[in-house]
Amino acid sequence: PVVTKYDFEKDQAAHPPFGTACTSPPNQSLKYWQTSGTTARPRIWVDTRQDWENGILLYTRSLYGHGVQPGWRGFFAFGFPPFIGFWLCFAATEAMGCQVVPKGTLPTTAWLQLMKNIAGTAPSFLCSTPTFAIRQMEAAKELGIDPTTLGMNILTLAAEPGACVPATNRLLSQGWNATIHDILGATETSGPILFSCRQQAAMTPVSDHIAIDYFIVELLDPETLEPVPSGSPGTTCVTALGRYGMPAVRFLVGDHIHIEERPNCPCGRTLPLAVGGVAGRADDALFVKGIKLYPSLVETSVRSLPGLGVEYRLQKKGEQVVVLVEAEPGVPEKKYPELARKLQDDIRIKATVTLPVEVYPAGTFPRLETKTPRIIKG
């Protein structure tokens, strides 16, 4: 049967703290994690040494696919929470023979100054969520620092779709003068399931390779959880072949993708492609007047219209969904109704649904280092 995050949540509530999924005593595992908790209560997870090394292998392969080489410098823009993704990237960067520069608890301003102090002394990449990569870009400009002078050759983005969202990709690639890449997975499965290569990063749309040598990836109908016909898009159900200490067998990750099984990617990899990357996650899908709406579609509209800022939220009020968005700094409030109309029209063209739009001053919404919840209730 298909297993969901809610099944693990119930199991851990009934058998605290680790549940019944561990194959060996949890205290003998090498690593302890918690999920991010954006769509369910945080779950506890553990890795054996073998699990951890498999995850590092997958991450090093993904970074190499981006173009990262030994001798590069990796900048890690996160506060080291008990969330697996960035830690794996950190360990993989060390394993590749790269220098690691952790942000940790440094304020964003001090972090940017650190980056400026050593910019250009080695080929470099930035590991971040897409949201925080944008925030760092904003903060740099507020400090009078041009982000393109910070020497980031590559942005490797995790926790949220980024490289494959055209407007976000364009915003970040131009803002940092860097190539934008995805690494996407799940705590429950460990290690990246999807990653972009250098050749895909140069294409429009960007697509992600699927690591089918370490994962069985099924595409299911999100309503029936039955397999979709070959060639049809669906939601991902993943069995992690490289995780033994706390197995995830037919785990409903829920990324909505379309697979090309025999790609002719110029990079030479024979791994299948998620064409256009992740459209959205099943948990994030909203139904408005019978239309399925993913936050990434709204994101494309928000980040492509002049006068609007880059942050947004979708507020669910009963059956209604309201788009909350910021104006760019310096835009007078009298312009807000016009911006709201333009955004409403653009979303209607893309999604064939009309959503109310509310525009707020720049800086209204918090910028987070970790995964940013886009859907709020009430």
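Note that the structure is predicted; figures quoted are calculated from it, not measured.

Participant: Any details on the pairing of strand S20 (residues 357-360)? Residues and values, ideally.
Facilitator: Side chains of S20 alternate between two faces, with Val357 and Val359 buried and Glu358 and Tyr360 left unburied. The pairing of strand S19 (residues 320-327) with S20 spans 4 bridges and is classified as parallel. By the bridge assignment, Glu326 is partnered in S20 with Tyr360. Each parallel crossover has a hand, and for S19 linked through helix H9 (residues 336-351) to S20 it is right-handed.

Participant: So what's going on with the nonpolar core? Residues and values would help.
Facilitator: Residues Tyr59, Leu63, Val68, Phe76, Ile193, Ile210 and Phe215 are the most contacted members of the largest nonpolar core, which totals 54 residues. Tallying contributions element by element places helix H3 (residues 84-95) first for this core, with 7 residues. Apart from residues no more than four positions distant in its own chain, Val68 is found in contact with Leu63, Met96, Cys98, Phe125 and Ile154.

Participant: Which residues make up empty space enclosed by the protein, and what values go with them?
Facilitator: Applying the stated criterion across every chain yields a total of 2 cavities of 30 Å³ or more. Roughly 60 Å³ of internal volume is contained in the largest cavity. Leu184, Gly185, Ile193, Leu194, Ile210, Val217, Thr236, Val238, Val253, Asp255 and Ile257 are the residues that line the largest cavity. For the lining of the largest cavity, the elements supplying multiple residues, two or more each, are strand S7 (179-185), strand S8 (192-195), strand S11 (234-240) and strand S12 (251-257). Among the elements that take part in the lining of the largest cavity, S12 stands out by supplying 3 residues, more than any other.

Participant: Tell me what's going on with the pattern of salt bridges, and back it up with residues and numbers.
Facilitator: Under the definition given, this model contains 12 salt bridges. Across the pair Arg135 and Glu138 runs a salt bridge, and its minimum N-O distance is 3.6 Å. A residue pair is termed a helical-turn pair when its members lie 3 or 4 positions apart in one helix, as Arg135 and Glu138 do in helix H5 (residues 130-142) at 3 residues. What makes Glu138 partly exposed here is its relative accessible area of 22%. Of the charged contacts, one joins Glu218 and Arg250 as a salt bridge, the two residues approaching to 2.9 Å between their closest N and O atoms. Of the two residues, Glu218 is situated in strand S10 (residues 215-220) and Arg250 in the loop between S11 and S12; the sequence distance between them amounts to 32 residues. The exposure class assigned to Glu218 is partly exposed, which follows from its relative accessible area of 22%. Counted as one network, the salt bridges with shared partners bring together Arg135, Glu138 and Glu142.

Participant: Please provide a residue-by-residue account of the pairing of strand S4 (residues 99-102), values included.
Facilitator: Where strand S3 (residues 73-76) and S4 come together, 4 bridges link them in parallel fashion. Looking across to S4, one finds that Gly74 is bridged to Val100. Considered for its hand, the β-α-β crossover made up of S3, H3 and S4 is right-handed.

Participant: Break down the packing of aromatic side chains for me, citing the residues and quoting the values.
Facilitator: Inspection of the entire model under this criterion finds 14 aromatic pairs. An angle of 55 degrees between the planes, with centres 6.0 Å apart, marks the rings of Phe8 and Phe251 as tilted. Pair noted here: Phe8 is in helix H1 (residues 5-14) and Phe251 is in strand S12, with a separation of 243 residues, a long-range link. Relative to Phe125, the ring of Phe76 lies with its centre 6.1 Å away and its plane at 80 degrees, an arrangement referred to as edge-to-face. In this pair, Phe76 is assigned in strand S3 and Phe125 in strand S5 (residues 124-128), connecting sequence segments 49 residues apart. The structure contains a cluster of three or more aromatic residues connected by ring pairs, namely Trp33, Trp52, Phe76, Phe78, Phe80, Phe83, Phe86, Trp87, Phe90 and Phe125. Lys31 extends its terminal NZ or CZ atom over the ring of Trp52, reaching a point 4.7 Å from the ring centre. When the ring centre of Tyr312 is taken as reference, the NZ or CZ atom of Arg374 above it lies at 4.6 Å.

Participant: Account for the layout of surface pockets, naming residues and giving values.
Facilitator: Counted as a void, the second largest pocket has a volume near 430 Å³. In terms of lining, the second largest pocket is formed by 23 residues, of which the most central are Glu138, Gly309, Val310, Glu328 and Pro329. Of all the elements in the fold, those that place two or more residues in the lining of the second largest pocket are H5, helix H6 (166-176), strand S18 (308-317) and S19. With 6 residues, the single largest contributor to the lining of the second largest pocket is H5. Partitioned by chemical class, the residues of the lining of the second largest pocket number 11 nonpolar, 4 polar and 8 charged.

Participant: Please provide a residue-by-residue account of H5, values included.
Facilitator: Here H5 spans 19 Å end to end across 13 residues, near enough to the 18 Å set by a 1.5 Å rise per residue. Listing the buried residues of H5 in full gives Pro130, Thr131, Phe132, Ala133, Ile134, Gln136, Met137, Ala139 and Ala140. Taken together, the buried residues of H5 touch helix H4 (108-117), S5, strand S6 (152-157), H6 and S18. Looking one or two residues beyond H5, the residue adopting positive phi is Gly144, at roughly 80 degrees.

Participant: Describe the sheet that holds strand S9 (residues 208-210), and please don't skip the residues or the numbers.
Facilitator: Reading across from one edge, S4-S3-S5-S6-S7-S8-S9-S14-S13 is the order of the 9 strands in this open sheet, with mixed pairing throughout. Because the sheet does not close on itself, it has two edges, and the strands there are S4 and strand S13 (259-260). The sheet contacts of H4 involve S3, S4, S5 and S6, and relative to S3 the element is tilted by about 170 degrees. Of the strands in this sheet, S5, S6 and S7 touch H6, which is tilted by about 150 degrees from S6.

Calculation criteria
- Residues numbered from 1 in each chain as written.
- Predicted model: local features only at pLDDT ≥ 70, side-chain atom pairs only at ≥ 80, totals over all residues.
- Heavy atoms only, no water.
- Buried < 20%, exposed > 50% of the residue type's maximum accessible area, 1.4 Å probe, protein only.
- Helix = DSSP H or I, 4+ residues; strand = E, 2+ residues; numbered from the N terminus.
- Pairing = 2+ DSSP bridges.
- Right-handed = clockwise from strand over helix to strand, strands pointing away.
- Core = buried A, V, L, I, M, F, W, Y, C linked by side-chain atoms within 4.5 Å.
- Contact = heavy atoms within 4.5 Å.
- 1 Å grid on protein atoms, 1.4 Å probe; cavity = no way out; pocket = protein on both sides within 12 Å on 5 of 7 lines; lining within 4 Å.
- Points joined across faces, edges and corners; volume = space filled by probe spheres on them.
- Salt bridge = Lys/Arg side-chain N within 4 Å of Asp/Glu carboxyl O.
- Phe/Tyr/Trp six-rings, centres within 6.5 Å; stacked < 30°, edge-to-face > 60°.
- Lys NZ or Arg CZ within 6 Å of the ring centre and 35° of its normal.
- Nonpolar A, V, L, I, M, F, W, Y, C, P; charged D, E, K, R; others polar.
- Expected span 1.5 Å × (residues − 1).
- Axes fitted to C-alpha atoms, helices over the stretch in contact; angles between N-to-C directions.

Take it as geometry only, folks, not as evidence of what the structure does.
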